[in-house]
Amino acid sequence: MADVDGNAERTGRGTTTISDNVVSTIAGIAIRETDGVHSVGKGASKALGAVTGRVSGSSGAGRSIKVEVGEKQTAIDVDIEVEYGIPIHELADRIRTHVTDAVETMTGLEVVEININVFDVHIPGDDDDEDEDEGKSSRGQSSRVQ
């Protein structure tokens, strides 16, 4: 958790504490709003993030985004799946800009690092093919591995 001093410390009016979950939620929303990002997180966190991201825009974000929050700074790690055809290096720059702007504006914390792990590329139409392949293997057709 971070104590954001700002004017609160100097004026004697108290301190503000920002939890890791708050930073991860803000970052998750900013990432999902970036064109070219298909999904955030892997496996169960990806599925949960996709559903909750569409519904509330927040709940699943903290599960797929890791943050470290200090007194005045924060660092963020995220796993993403990108849309096919998007230049990944440009997308990463846009994500860093969106996340930095959102987190710094809303929390006052300085974003010192955003590590982006691109774990997959989403190809339109692949979702249907995967379902068909799974159906074939479950019907007892031969496979290379038993």
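These numbers were taken from a predicted model, which means no experiment stands behind them.

### A few points about the overall build of the protein
Stage number 1. When you go through the protein residue by residue, the secondary structure sums to six helices and six strands.
Stage number 2. Ordered by position from N to C terminus, the α and β elements of the protein give β-α-β-α-β-α-α-β-β-α-β-α.
Stage number 3. Out of the 146 residues in the protein, the part that is buried amounts to 34%.
Stage number 4. A separation threshold of at least 6 residues defines the contact pool for the protein, and within that pool the share at least 24 residues apart is 69%.

### So, the pairing of strand β4 (residues 65-69)
Stage number 1. Alternating positions in β4 separate cleanly, I65, V67 and V69 being buried on one face and K66 and E68 remaining unburied on the opposite face.
Stage number 2. The sheet contact formed by β4 and strand β5 (residues 73-83) spans five bridges and is antiparallel. Residue V69 lies in a different strand from β5, and its bridge partner there is T74.
Stage number 3. Counted between consecutive antiparallel strands, the loop separating β4 from β5 contains three residues.

### What about helix α5 (residues 88-107)?
Stage number 1. A rise of 1.5 Å per residue sets the reference length of α5, with its 20 residues, at 28 Å; its end C-alpha atoms lie 28 Å apart and thus fit the reference within 8%.
Stage number 2. Within the span of α5, buried status applies to L91, A92, I95, V99, T100, A102, V103 and T107.
Stage number 3. Following α5 by one or two positions, G108 adopts a phi angle in the positive range, close to 80 degrees.

### Here's the deal with the confidence of the model for the protein
Stage number 1. Scored by pLDDT, the protein has a mean of 78; 64% of the residues are at 70 or more.
Stage number 2. Within the protein, helix α1 (residues 6-11) has the poorest average pLDDT of any element, 40, and α5 the best, 98.
Stage number 3. For residues 5-11, every residue scores under 50 in pLDDT, and the model assigns this stretch six contacts once sequence neighbours within four places are set aside.
Stage number 4. Between residues 129-139, whose pLDDT stays under 50, and residues either more than four places distant or in other chains, the model counts two contacts.

### Concerning a negative patch on the surface
Stage number 1. On the surface, a cluster of negative charge is made up of D20, E68, D77 and E113.
Stage number 2. On the secondary structure map, D77 appears in strand β5.
Stage number 3. The class for D77 is partly exposed, based on a relative accessible area of 35%.

Parameters and conventions
- Residues numbered from 1 in each chain as written.
- Predicted model: local features only at pLDDT ≥ 70, side-chain atom pairs only at ≥ 80, totals over all residues.
- Heavy atoms only, no water.
- Helix = DSSP H or I, 4+ residues; strand = E, 2+ residues; numbered from the N terminus.
- Buried < 20%, exposed > 50% of the residue type's maximum accessible area, 1.4 Å probe, protein only.
- Contact = heavy atoms within 4.5 Å.
- Pairing = 2+ DSSP bridges.
- Expected span 1.5 Å × (residues − 1).
- pLDDT = per-residue confidence, 0-100.
- Patch = residues over 30% accessible without salt bridge, like charges linked within 9 Å, V, L, I, M, F, W, Y side chains within 5 Å.
- Areas by Shrake-Rupley, 256 points an atom, 1.4 Å probe, with all protein chains shown as cover.
- Salt bridge = Lys/Arg side-chain N within 4 Å of Asp/Glu carboxyl O.
- Lys, Arg positive; Asp, Glu negative; His and termini not counted.
- Charge placed at Lys NZ, Arg CZ, Asp CG, Glu CD.

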